[in-house]
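Here is what each chain is made of, one letter per residue.
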Amino acid sequence: MSIPLKFKRVLLKLSGEALVGKQEFGIDADTLATYARQIKELWEMGVELAIVVGGGNIFRGVQGEGIGMGRAHGDYMGMLATVINGMALQDALEQFGVHVRLQSAIPMDKICEPYIRRKAIRHLQKGRVVIFAAGTGNPFFTTDTAASLRAIEIEADVVLKGTRVDGVYTADPEKDQNAVKFDSISFADVLSNRLNVMDMTAFTICQENKLPIIVFNINNPENLRRILLGEPVGTLVS
Ligand code: GTP
């Protein structure tokens, strides 16, 4: 008998920075394996799972500005970084026996499939994890925006935003020890309280399309499974 799942199709946003693990730069093999193990668990539960991966562990667009580089140029380098992370995640998942397809918003057909919305949906229906790399394919957008956009396009039920903290707080919990976590909060209250969930473009896409976001701690290996089972984890923004 299959377990009833809270969500049928989800979009998981994995930050590139999360992949750094204990290192200062690049991809930490243990961290990658930890994520791959959790993703395999979700996959085995039968959820249709798409992933947008960031690139901040390798290169960020704003980093380029620090050395006089134009923002667009730096953003394209950041998009390439997400492809490297996507390839690493694809390989790690395949080592665990998970069926995966990697699609890139910037076509690079020697390495991966181009992003084709209808094909991505078919892959999900056939039980494959789909990794979306290269952000939206456009500079001046974040990978959070790519996550919101892809989630809407593939008609996901929720965006799961993995972070280093347990959810959305009244203030930054890493700086303010009096910060209190919200179990749930409305889109409007996030805006009126100027809370930081995603950048404004990403956030607005979710709000306008009534797509809920769950912000949760990716470093607790129980969390993803518990979210799918409908347990209250992190903060639900809806
Ligand atoms: P179905 O046709 O639904 O069964 O999907 P499929 O992905 O199994 O079939 P397809 O023939 O499209 O792809 C087979 C393999 O080739 C998969 O691993 C794809 O990710 C890969 N592939 C498909 N298109 C491209 C491409 O344009 N570039 C690269 N590098 N790989 C591709």
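Located above this text is the structure these notes cover.
The sections below set out a description of the structure shown in this document.

Rules used in this analysis
Residues numbered from 1 in each chain as written. Predicted model: local features only at pLDDT ≥ 70, side-chain atom pairs only at ≥ 80, totals over all residues. Heavy atoms only, no water. Helix = DSSP H or I, 4+ residues; strand = E, 2+ residues; numbered from the N terminus. Expected span 1.5 Å × (residues − 1). Buried < 20%, exposed > 50% of the residue type's maximum accessible area, 1.4 Å probe, protein only. Contact = heavy atoms within 4.5 Å. Pairing = 2+ DSSP bridges. Near = heavy atom within 4 Å. Polar contact = N/O pair within 3.5 Å; in protein donor to acceptor, adjacent residues only side chain to side chain. Nonpolar A, V, L, I, M, F, W, Y, C, P; charged D, E, K, R; others polar. Axes fitted to C-alpha atoms, helices over the stretch in contact; angles between N-to-C directions. Parallel < 35°, antiparallel > 145°, perpendicular 65-115°, else oblique. Left-handed = near helix turned anticlockwise from the far one by under 90°.

1. Some words on helix α1 (residues 29-45)
In this model α1 runs 24 Å from its N-terminal to its C-terminal C-alpha over 17 residues, within 8% of the 24 Å that 1.5 Å per residue would give. Those residues of α1 lying buried are Thr31, Leu32, Tyr35, Ala36, Gln38, Ile39, Leu42 and Met45. At its buried positions, α1 is contacted by β1 (9-14), β2 (48-53), α3 (71-95), β5 (129-133) and α8 (223-228). Two residues or fewer after α1 comes Gly46, characterised by a positive phi angle close to 95 degrees.

2. With respect to the sheet that holds strand β3 (residues 100-104)
Read across the sheet, nine strands follow the order β4-β3-β5-β2-β1-β6-β8-β9-β7 without closing on themselves; strand pairing throughout is mixed. Two strands lie at the open edges of the sheet, namely β4 (113-114) and β7 (184-185), each paired on one side alone. Bridge count between β1 and strand β6 (residues 158-163): four bridges; the pairing is parallel. Across the sheet, residue Leu11 finds its bridge partner in β6, namely Val159.

3. Description of the site of the ligand
Neighbouring the ligand are the residues Arg101, Asp109, Lys110, Ile111, Cys112, Glu113, Pro114, Lys119, His123, Lys126 and Arg128. Side-chain polar atom of Glu113 to an oxygen atom of the ligand: 2.7 Å apart, as the coordinates give it. Those elements that place two or more of their residues in the shell around the ligand are β4 and α4 (117-125). Residue composition of the shell around the ligand, grouped by class: three nonpolar, one polar and seven charged.

4. Remarks on the environment of Leu19
Mapping Leu19 onto the fold places it in the loop between β1 and α1. Sequence separation between Leu19 and Gly55 is 36 residues; the distance between their C-alpha atoms is 9.0 Å.

5. Notes on the packing of α1 against α3
Packing of α1 against α3 leaves a shortest axis separation of 9 Å and a crossing angle of 60 degrees. By the angle between their directions, the pair α1 and α3 is classed as oblique. For the crossing formed where α1 meets α3, the hand is right-handed. Along its contact with α1, which presents Leu32, Ala36, Ile39 and Lys40, the element α3 presents Ala88, Leu89, Ala92 and Leu93.

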